[in-house]
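# Inside the fold
Listed below, chain by chain, are the residues.
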Amino acid sequence: MNDEIKESFEKTKIAGSIAAGALDEVSKIIKPGISTNKIDKICYEFINDNQAYSAPLFYRGFPKSCCTSTNHIVCHGIPSEKKILRDGDIVNVDVTAVKDGWHGDTSRTFKVGEVSIRAQKLVDTTYEAMMKAIKIVKDGVHLGDIGNVIQNHVEAQGFSVVQDFCGHGIGQAFHKEPNVLHYGEKGTGEKIKTGMIFTIEPMINAGNYETRVLNDGWTAVTKDKNLSAQFEHTIGVTKDGYEIFTKSKNIEKIL
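Attention in this report is confined to the structure presented alongside it.

Cut-offs applied
Residues numbered from 1 in each chain as written. Predicted model: local features only at pLDDT ≥ 70, side-chain atom pairs only at ≥ 80, totals over all residues. Heavy atoms only, no water. Axes fitted to C-alpha atoms, helices over the stretch in contact; angles between N-to-C directions. Helix = DSSP H or I, 4+ residues; strand = E, 2+ residues; numbered from the N terminus. Parallel < 35°, antiparallel > 145°, perpendicular 65-115°, else oblique. Left-handed = near helix turned anticlockwise from the far one by under 90°. Contact = heavy atoms within 4.5 Å. Nonpolar A, V, L, I, M, F, W, Y, C, P; charged D, E, K, R; others polar. Pairing = 2+ DSSP bridges. Salt bridge = Lys/Arg side-chain N within 4 Å of Asp/Glu carboxyl O. Buried < 20%, exposed > 50% of the residue type's maximum accessible area, 1.4 Å probe, protein only.

## What about the packing of helix H3 (residues 117–134) against helix H4 (residues 143–156)?
In a pair of packed helices, the angle between the axes and the distance between the axes together describe the arrangement. Orientation of H3 relative to H4, taken along the N-to-C sense of each, is 150°, at an axis distance of 8 Å. Considering the angle they form, H3 stands roughly antiparallel to H4. The handedness of the crossing between H3 and H4 is right-handed. Residues Thr125, Glu128, Ala129, Lys132 and Ala133 of H3 touch H4, and the partners they reach there are Ile146, Val149, Ile150, His153 and Val154. In terms of residue class, the contact of H3 with H4 is made up of 6 nonpolar, 2 polar and 2 charged.

Right, dumping it as structure tokens:
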């Protein structure tokens, strides 16, 4: 691995660890009765306290420091003082920290109080799908292989993969090539190479995969109002495998 790749990995890991740390802080306060604005405040303050800043804040006009997507919201939910978490909800919190010009992007779906068996299965399946896909990453693997692993696992559990949103290259830019689809066929798409950095962030619906965006221009929801869950890591490709840059310092699997 050359010096340029080593530096990009080191810088992304620093930003990624801050983003993961913000979610670790969020995990401490998730409970019925808190507002999604409280989650946003915690993310904003933690990232600032670590001499970084929140990439989503003012990105293309987005008004908050993180996305909070509850229940049938697929992604890009806007935190609000009016949105109060209730027992049985699931909420995805998506945060991206920028440190020294490098981005670390991660999300987790949290359970609020006691959730239904179906919600638990959806959350588990989404996390498993992400990790199964990450574990096949190495130099020479096709992008279609990543999507295929996710799609096969998810559909075997009776759920569907959102097709309107995807993972993406990341580094000194928030979003760049390649697009990482979470469905596809083995052996198709671009071959990934050592040194590439991108996100794998499957959004999985309990019902149909179709989505629509609300009038605020951001909030994407399931068309059939069924639940949706998501997990996301930023990873780097090595010759023989991968490195996860957004691991929790406490525990990796928070379900």
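## Re the sheet that holds strand E11 (residues 211–213)
In space, the 3 strands of this open sheet follow the order E3-E12-E11, with antiparallel pairing throughout. Edge positions in the sheet fall to strand E3 (73–75) and E11, since each of these pairs with one other strand and no more. Pairwise comparison of adjacent strand axes, ignoring direction, gives a mean angle of 40° for this sheet. In terms of strand pairing, E11 meets strand E12 (residues 220–222) through 3 bridges, oriented antiparallel. Each bridged residue has a counterpart across the sheet, and for Arg212 the counterpart in E12 is Val221.

## Some words on the sheet that holds strand E13 (residues 228–230)
If you trace the 3 strands from one edge of the open sheet to the other, you get E6-E10-E13, paired in antiparallel fashion. Of all the strands in the sheet, the pair left with one neighbour each is strand E6 (160–161) and E13. Set on the sheet, H3 makes contact with strand E10 (203–205) and E13; between it and E13 the angle comes to about 35°.

## Some words on the pattern of salt bridges
Per the counting criterion, the structure on display carries 4 salt bridges. We note a salt bridge from Glu243 to Lys13, for which the minimum N-O separation is 2.7 Å. Highlighted residues: Glu243 in strand E15 (residues 242–244) and Lys13 in helix H1 (residues 3–27), separated in sequence by 230 residues. Overall, the relative accessible area of 25% leaves Glu243 in the partly exposed class.

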